[in-house]
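A closer look at the structure
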Amino acid sequence: MKLRRPRRPRDFRLADSAQQIVGGFLLAGPFVVTEEVWVLAASMNNVQAIGTLIVVFAIGYGALYTADTTRDLDDEQEVAGIPLRFISLMIVSFGAVTVLALLLDAPDTFIEDAKTTREVAQTTFKAISVGSVFSVVGAATADSIFAKNG
């Protein structure tokens, strides 16, 4: 006799996004206000920043659909073929870091050598990509731990 694994419900609820937001902000906060992150971001090149983005997407996808064996990718609601839960996770992960960085005025605090607005924007983008590595872990973990079982 084979036991079926429990499945999460198909519907993606607002509460799921709220859980992601809590987890995303929880782990993003310490990295947004750490000078070392901003120094690291200033020294990164664009290829490293894109690589960091790929890592964030891979961690998010892996945490939602590989590490969490009770979630079935085929049962997820989709938008243009992409699971809605994953879209929400990416928005929360990058959004939490962006909101905190701007709210706490991190770019003006930590970026001293930038001569142009473009340099400030590039360094801020890179710092957000670094912070999102940690934010996605918190958001995906909260989503998986607090999701209702079906």
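1. Things to note about the overall build of the protein chain
For the protein chain, the helix and strand inventory stands at 6 helices and 2 strands. Starting at the N terminus and walking to the C terminus, you meet the elements of the protein chain as α-α-α-β-β-α-α-α. In the protein chain, 83% of the contacts between residues at least 6 apart in sequence involve partners at least 24 apart.

2. Concerning the layout of surface pockets
The computed volume of the largest pocket comes to approximately 210 Å³. Forming the walls of the largest pocket are 13 residues, and the residues nearest its centre are A42, I111, D113, A114 and T123. For the lining of the largest pocket, the secondary-structure elements that each account for two or more residues are helix 2 (35–43) and helix 6 (117–146).

3. A closer look at the pattern of salt bridges
A complete count under the given rule lists 1 salt bridge for this structure. Between R85 and D143 there is a salt bridge whose closest N-O contact spans 3.0 Å. You can see R85 sitting in helix 4 (residues 84–103) and its partner D143 sitting in helix 6, a full 58 residues away along the chain.

4. Re the packing of aromatic side chains
This model, assessed by the stated rule, comprises 6 aromatic pairs. Here the aromatic rings of W38 and F110 are separated by 6.0 Å at their centres, their planes lie at 20 degrees, and the arrangement is stacked. Of this pair, W38 sits in helix 2 while F110 sits in helix 5 (residues 106–110), placing them 72 residues apart in sequence. Aromatic ring contacts, followed pair by pair, group F57, Y61, Y65, F86 and F94 into a single cluster.

5. Here we look at the nonpolar core
Among the nonpolar cores identified, the biggest contains 29 residues, and V32, W38, V56, L89, M90 and F94 are the most heavily contacted of them. Breaking this core down by element, the ones donating at least two residues are helix 1 (14–32), helix 2, helix 3 (46–67), helix 4 and helix 6. Leave out the neighbours within four places in its chain, and V56 touches M90, F94, S129, S132, V133 and V136.

6. Section: helix 2
Among all positions in helix 2, only V37, W38 and A41 are buried. The arc that holds every buried residue of helix 2, seen down its axis, measures 95 degrees, which confines them to one face. Exposed residues on helix 2 whose side chains face more than 90 degrees from its buried face are E36, V39 and S43.

7. Some remarks on helix 6
For an α-helix, 3.6 residues make a turn, and residues three or four places apart therefore share a direction. Over its 30 residues, helix 6 extends 41 Å from the first C-alpha to the last, a length consistent with the 44 Å expected when each residue adds 1.5 Å. The largest bend in helix 6 is about 35 degrees, located at S132.

8. Points about empty space enclosed by the protein
Tallied over the full model, the rule gives 1 cavity of 30 Å³ or more. There is about 30 Å³ of room inside the largest cavity. Every residue lining the largest cavity is listed: F31, V32, V37, W38, V97, A101, A127, I128 and G131. Elements with a contribution of two residues or more to the lining of the largest cavity: helix 1, helix 2, helix 4 and helix 6. Of the residues contributing to the lining of the largest cavity, the split by class is 8 nonpolar, 1 polar and no charged.

Analysis parameters
- Residues numbered from 1 in each chain as written.
- Predicted model: local features only at pLDDT ≥ 70, side-chain atom pairs only at ≥ 80, totals over all residues.
- Heavy atoms only, no water.
- Helix = DSSP H or I, 4+ residues; strand = E, 2+ residues; numbered from the N terminus.
- Contact = heavy atoms within 4.5 Å.
- 1 Å grid on protein atoms, 1.4 Å probe; cavity = no way out; pocket = protein on both sides within 12 Å on 5 of 7 lines; lining within 4 Å.
- Points joined across faces, edges and corners; volume = space filled by probe spheres on them.
- Salt bridge = Lys/Arg side-chain N within 4 Å of Asp/Glu carboxyl O.
- Phe/Tyr/Trp six-rings, centres within 6.5 Å; stacked < 30°, edge-to-face > 60°.
- Core = buried A, V, L, I, M, F, W, Y, C linked by side-chain atoms within 4.5 Å.
- Buried < 20%, exposed > 50% of the residue type's maximum accessible area, 1.4 Å probe, protein only.
- Arc of directions from axis to C-beta.
- Expected span 1.5 Å × (residues − 1).
- Bend = angle between axes of the 7 residues up to and from the residue.
- Nonpolar A, V, L, I, M, F, W, Y, C, P; charged D, E, K, R; others polar.

Function cannot be read off these values alone, since they describe shape.
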